[in-house]
Amino acid sequence: MAKYVVTSQKVTVNGTDVSDACARAELVLNAAEVETTDFGSAGWTEVVGGLKSGQLTLDFHSDFGAGGVSELLQDLVGTIGTFVVIANGTAASATTPEYTTTALINSFTPVAGAVGDLATFSVTFPTTGEVSYGTA
Amino acid sequence: MTDIQAIRERMAVNLGTISGLRTAENVPDIVNPPVAVVSLEQIAFDGAFNQGLTTLEFTIFVVVSRADERTAQRKLNQYVAPTGAFSIKSAVESDRRLNNLVADLRVRSVTNIGSLQLDDQEYMAAEFAAAVYV
């Protein structure tokens, strides 16, 4: 086990590798806080874990070329996509786990950026169903 | 593979579309003005995962003779203009993909417009900053 610098995470959308157009990936897993505070809580709140949810945020470099990420995503708005993110590597292993989830592609920003900037866009998708992970 | 030498040569080709301007894709030992010299300043790696984006920062030095100061200044004014037949920015950006070698490029700015002393000779010069995305 070792600390690492992010350089080579792999990101796929419906099986298409979009890693080389992606500059940042963030997968957040949450569990709802369900209140269980009662008269026996001695003046403290108590909670237990409820339903789990997830959120996937990706920062991309715009690319409308054939097979480019912009061309790919613009046709997927409103659909459920399958996303695979491998932390710090291109193949799953014990130290580079692979997270797989489906998510609702509920937004896409085809045009963004100020004059002189590299064209980029950011998306955040809510996961739907289980977020699984594998190490092989 | 990113072929930096080919990128420099292609930038020189674009600069060579300016009538009367000599070009050098590498830094020469001897300056023979008017000349535009392509110099690589720095490279920023890992702009995207799996080295999906690399940014190369070039400086293009443009040097003109100062034998006649007024002529030199007028010539330099044409080179630093944002548009026109002698515009360095227009020439370099005439093919922003450098014959499909790169994703894009942009001439960001021009600085240090003025006198330059090289080997006891006075010249007029300007430095253009260009970002190339690979």
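Residues numbered from 1 in each chain as written. Chains lettered and ligands numbered in written order. Predicted model: local features only at pLDDT ≥ 70, side-chain atom pairs only at ≥ 80, totals over all residues.

Colleague: Is there a simple way to think about the environment of A:Ser8 in this case?
Modeller: Considering the arrangement of structural elements, one finds A:Ser8 in the segment before β1 (10-13). Sequence separation of A:Ser8 and A:Asn88 is 80 residues, and the distance between their C-alpha atoms is 5.4 Å. Setting aside anything within four residues of it in sequence, one finds A:Ser8 in contact with A:Asn88, A:Gly89, A:Thr90, B:Phe49 and B:Asn50. (Helix = DSSP H or I, 4+ residues; strand = E, 2+ residues; numbered from the N terminus. Contact = placed C-beta atoms within 7 Å.)

Colleague: What am I meant to see in the nonpolar core here?
Modeller: Judged by nonpolar contacts, the single largest core of 35 residues is most densely connected at B:Ile60, B:Val62 and B:Ile88. Counting only elements with at least two residues in this core, the list comes to α1 (4-15), β2 (35-44), β3 (55-65), α2 (69-80), α3 (88-92), β4 (104-118) and β5 (121-133) of chain B. Counting residues per element, this core draws most heavily on β5(B), which supplies seven residues. Among all residues touching B:Ile88, those that are not within four sequence positions of it are B:Leu15, B:Ala36, B:Ile60, B:Val62, B:Tyr79, B:Val80, B:Val107 and B:Phe128. Within the second largest apolar cluster, 22 residues are counted, among which are A:Cys22, A:Leu73, A:Val131 and B:Ala48. (Core = buried A, V, L, I, M, F, W, Y, C linked by C-beta atoms within 7 Å. Buried ≥ 20, exposed ≤ 12 C-beta atoms within 10 Å, placed from the backbone.)

Colleague: Help me understand the sheet that holds β1(A), please; the structure alone is not making it clear to me.
Modeller: Two pairing modes exist for strands in a sheet, parallel and antiparallel, and in both the strands are linked by backbone hydrogen bonds. Residue and element names in this part refer to chain A. Taken in spatial order, the seven strands make up an open sheet running β2-β1-β5-β6-β7-β4-β3, and their pairing is antiparallel. Of all the strands in the sheet, just β2 (16-17) and β3 (22-35) have a single pairing partner and so form its edges. The pairing of strand β4 (residues 47-61) with strand β7 (residues 120-134) spans seven bridges and is antiparallel. From the neighbouring strand, Leu58 faces β7, where its bridge partner is Val123. (Pairing = 2+ DSSP bridges.)

Colleague: Just checking my understanding: could you explain the confidence of the model for chain B for this structure?
Modeller: Detail in the predicted coordinates should be disregarded across regions flagged by low pLDDT. All names here are of chain B. The predicted model of chain B has a mean per-residue pLDDT of 95, with 100% of residues at 70 or higher. Summarising per-element confidence for chain B, the mean pLDDT is lowest in α2 (94) and highest in α3 (98). If you check the scores for this complex, the pTM reads 0.89 and the ipTM reads 0.86. (pLDDT = per-residue confidence, 0-100.)

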